[in-house]
Amino acid sequence: MTTASPSVFLLMVNGQVESAQFPEYDDLYCKYCFVYGQDWAPTAGLEEGISQITSKSQDVRQALVWNFPIDVTFKSTNPYGWPQIVLSVYGPDVFGNDVVRGYGAVHVPFSPGRHKRTIPMFVPESTSKLQKFTRSASCSTHWGQIETGPLGVLSHGAPFSLCSSSRSLADFTLCPVKNLCVRWSRGKTLGR
């Protein structure tokens, strides 16, 4: 009897975006999305989401706490293009418009178990003096409306550079569940 090699494996991810520290800002919300290679496909759960608006805590840390749940399952035939989670944090400017306060990304951990990650958040910075002047004159950063969005920013596909936002960090916990191998034989699942 010939044993069929696994034709697909599943990656189940659950966790939460816990909190962030943006000392200069208050009343922020978070968006997340996953980016992954061509062989990957979501099979269950949400691959993007948006949190509630939160205010700074009253303690010394002044943390912005979201406890925003994440639950998604992917399938793939190979590990190339392993999923990454991209976080975008937004908040109001002086005119009440929502503007980006930071972007960050990290790969989903490769091993099962509880993993806590702290992601440095980055903001786009104009590369020309005219763009810098226009941005400072309007007191706004509408980078979230740029066609490439956070994915283009993180892959340096936009006409500006990235600078680290001073002391801005986002904490999140992910729990990748054991990768499940699915074997197929005559149209039936043999096991996990």
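Since we're looking at a predicted model, the values are computed, not measured.

A.B. asks: So what's going on with the pattern of salt bridges? Which residues, and what values?
C.D. replies: Counted under the stated rule, the structure contains two salt bridges. Across the pair Glu18 and Lys116 runs a salt bridge, and its minimum N-O distance is 3.3 Å. Taken as a pair, Glu18 in strand β1 (residues 8-21) and Lys116 in strand β8 (residues 115-126) lie far apart in primary sequence, 98 residues in all. The exposure class of Glu18 is buried, given its relative accessible area of 12%. Residues Asp59 and Arg61 are paired through a salt bridge, measuring 3.8 Å at the closest nitrogen-oxygen approach. Owing to a relative accessible area of 41%, Asp59 belongs among the partly exposed residues under this scheme. Using a relative accessible area of 49% as the deciding quantity, one classes Arg61 as partly exposed.

A.B. asks: Account for the nonpolar core, naming residues and giving values.
C.D. replies: Counting 24 residues, the largest nonpolar core has Val17, Phe22, Tyr32, Phe34, Trp66 and Leu87 as its most contacted members. When residues of this core are traced back to their parent elements, those giving at least two are β1, β2 (29-35), β5 (64-76), β6 (84-92) and β8. Top contributing element to this core by residue count: β5, with six residues. Sequence-distant contacts of Phe34, that is, excluding residues within four places in its chain, are made with Glu47, Ile70, Val72, Phe74, Pro83, Gln84, Ile85 and Val108.

A.B. asks: Would you mind going over the packing of aromatic side chains in detail, with residue names and values included?
C.D. replies: Within the structure shown, the criterion is met by nine aromatic pairs. Centroid distance Phe34 to Phe74: 5.4 Å. Interplanar angle 70°. Geometry classified as edge-to-face. Separated by 40 residues along the polypeptide, Phe34 in strand β2 and Phe74 in strand β5 bring together distant segments of the chain. By relative accessible area, which is 0% here, Phe74 ends up buried. For the pair Trp40 and Trp82, a centre-to-centre distance of 5.3 Å together with 80° between the ring planes defines the contact as edge-to-face. Here Trp82 lies in the loop between β5 and β6 and Trp40 lies in the loop between β2 and β3 (41-45), a separation of 42 residues in the sequence. Judged on exposure class, the residue Trp40 and its partner Trp82 are both buried. By way of ring pairs, the aromatic residues Phe9, Tyr32, Phe34, Tyr36, Trp40, Phe68, Phe74, Trp82 and Phe110 are connected into one cluster. One Lys or Arg, Lys31, reaches over the ring of Tyr90 and ends 4.9 Å from the middle of that ring.

The rules we used
- By convention here, each chain's residues receive numbers from 1 onward along its written sequence.
- In view of the model being predicted, local features appear only for residues whose pLDDT reaches at least 70, and side-chain atom pairs are presented and counted only at 80 or more, with totals across whole chains, interfaces and linings using the full set of residues.
- Based on all heavy atoms of the structure, the side-chain values leave hydrogens and waters out of the count.
- Take a side-chain nitrogen of Lys or Arg and a carboxyl oxygen of Asp or Glu: if they are within 4 Å of each other, that pair is a salt bridge.
- Only runs of H or I of at least four residues qualify as helices and only runs of E of at least two qualify as strands under DSSP, and these elements are numbered from the N terminus.
- Accessibility here uses a 1.4 Å probe with only protein chains present; expressed as a share of the type maximum, an area under 20% marks a residue as buried, one over 50% as exposed, and anything in between as partly exposed.
- Definition used in this section: a nonpolar core is a set of buried Ala, Val, Leu, Ile, Met, Phe, Trp, Tyr and Cys residues joined via side-chain atoms within 4.5 Å.
- Every residue pair with non-hydrogen atoms within 4.5 Å of one another is taken to be in contact.
- Here is the rule: rings of Phe, Tyr and Trp (six-membered ring for Trp) pair when centre to centre is within 6.5 Å. Planes less than 30 degrees apart are stacked, more than 60 are edge-to-face, and the remainder are tilted.
- Geometrically, a lysine NZ or arginine CZ counts as sitting over a ring once it is within 6 Å of the ring centre and also within 35 degrees of the ring normal.

From the geometry alone we can't say anything about function, so treat these as descriptive.
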